[in-house]
Amino acid sequence: MIGRLNHVAIAVPDLEAACAQYRDTLGANVGAPQDEPDHGVTVVFIELPNTKVELLYPLGENSPIQGFLDKNPAGGIHHICYEVDDILAARDRLQASGARVLGSGEPKIGAHGKPVLFLHPKDFTGTLVELEQI
Ligand SMILES: C[C@@H](C(=O)O)C(=O)SCCNC(=O)CCNC(=O)[C@H](O)C(C)(C)COP(=O)(O)OP(=O)(O)OC[C@H]1O[C@@H](n2cnc3c(N)ncnc32)[C@H](O)[C@@H]1OP(=O)(O)O
Ligand SMILES: [Co+2]
């Protein structure tokens, strides 16, 4: 059911510093910060030849990454995003297997303009999983 790895997301306490490190120290192709108010984050995409890295920084009062950064003040890997062909079919199959789909259960439009859903980290070996319909 899951396809390609779309991105690995890293929550960071200092977005400018993280961008500078990826751009100047690691020599990566770092995009511009993009506010995603529906998701409570500012994102920066880093294009790699085979996938992307998504830097995440909290946006607004109730950011879903604030608790993670409180527990991991230096930042850390926050989620992994897999591509699926049919996100509603994927959701129904996962819910039938007992996995918890986060939020309302309805896909939201993600940072690439495509529908996304999140699955509870406790149901996937401690890893928050994002699904993106491609
Ligand atoms: C724009 C977009 C895109 O790519 O298009 C994005 O990615 S937006 C990316 C941001 N959006 C999201 O993350 C949306 C989905 N996330 C959420 O709904 C939330 O962040 C939750 C995953 C439910 C976590 O909620 P909350 O921070 O309130 O934590 P909590 O204290 O209830 O956490 C319950 C347990 O899960 C653990 N936990 C929390 N976040 C975790 C993470 N990212 N990875 C692994 N474990 C995690 C906590 O340590 C805790 O474990 P213990 O009980 O053992 O201590
Ligand atoms: Co993401």
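Naming follows an unreviewed UniProt entry, where the protein chain appears as methylmalonyl-CoA epimerase of Neptunicoccus cionae. Quoted straight from UniProt, the Catalytic activity (unreviewed entry) entry for the protein chain says "(R)-methylmalonyl-CoA = (S)-methylmalonyl-CoA". Taken verbatim from the UniProt record of the protein chain, the Sequence similarities (unreviewed entry) comment is "Belongs to the methylmalonyl-CoA epimerase family."

(A) Representation of the coordination of the cobalt ion (ligand 2). Only H7 (NE2), E54 (OE), H79 (NE2) and E130 (OE) from the protein reach the cobalt ion (ligand 2) as donors, at distances of 2.1 to 2.4 Å. Linear spacing of the donor residues for the cobalt ion (ligand 2) on their chain is H-x46-E-x24-H-x50-E. Of this pair, H79 sits in strand β6 (residues 76–84) while E130 sits in strand β9 (residues 128–133), placing them 51 residues apart in sequence.

(B) Spotlight on the site of ligand 1. Not every one of the 19 residues close to ligand 1 is listed here, only the nearest: E54, H78, H79, A111 and K122. Between an oxygen atom of ligand 1 and a main-chain N or O atom of P64, the distance comes to 3.0 Å. Burial of ligand 1 by the protein chains amounts to 68% of its free accessible area of 1000 Å². Taking a 2 Å distance to the grid points as the criterion, the majority of the atoms of ligand 1 fall inside the largest pocket. Only α2 (66–71), β6 and β9 provide two or more residues apiece to the shell around ligand 1. For the shell around ligand 1, the per-class residue count stands at nine nonpolar, six polar and four charged.

(C) Representation of the pairing of strand β8 (residues 115–119). Alignment of strand β7 (residues 108–109) against β8, held across two bridges, turns out to be antiparallel. Residue pairing in the sheet places K108 in a bridge with V116 of β8. As defined by bridge partners, β8 adjoins β9 across four bridges and the pair is classed as antiparallel. Residue L117 lies in a different strand from β9, and its bridge partner there is L131.

Each value, and the rule that gives it
Residues numbered from 1 in each chain as written. Chains lettered and ligands numbered in written order. Predicted model: local features only at pLDDT ≥ 70, side-chain atom pairs only at ≥ 80, totals over all residues. Heavy atoms only, no water. UniProt positions renumbered as here; feature names shortened; annotations may be inferred. Donors = N, O, S within 2.8 Å, 3.2 Å for Na, K, Ca; no water. Helix = DSSP H or I, 4+ residues; strand = E, 2+ residues; numbered from the N terminus. Near = heavy atom within 4 Å. Polar contact = N/O pair within 3.5 Å; in protein donor to acceptor, adjacent residues only side chain to side chain. Areas by Shrake-Rupley, 256 points an atom, 1.4 Å probe, with all protein chains shown as cover. 1 Å grid on protein atoms, 1.4 Å probe; cavity = no way out; pocket = protein on both sides within 12 Å on 5 of 7 lines; lining within 4 Å. Sits in = over half its atoms within 2 Å of the grid points. Nonpolar A, V, L, I, M, F, W, Y, C, P; charged D, E, K, R; others polar. Pairing = 2+ DSSP bridges.

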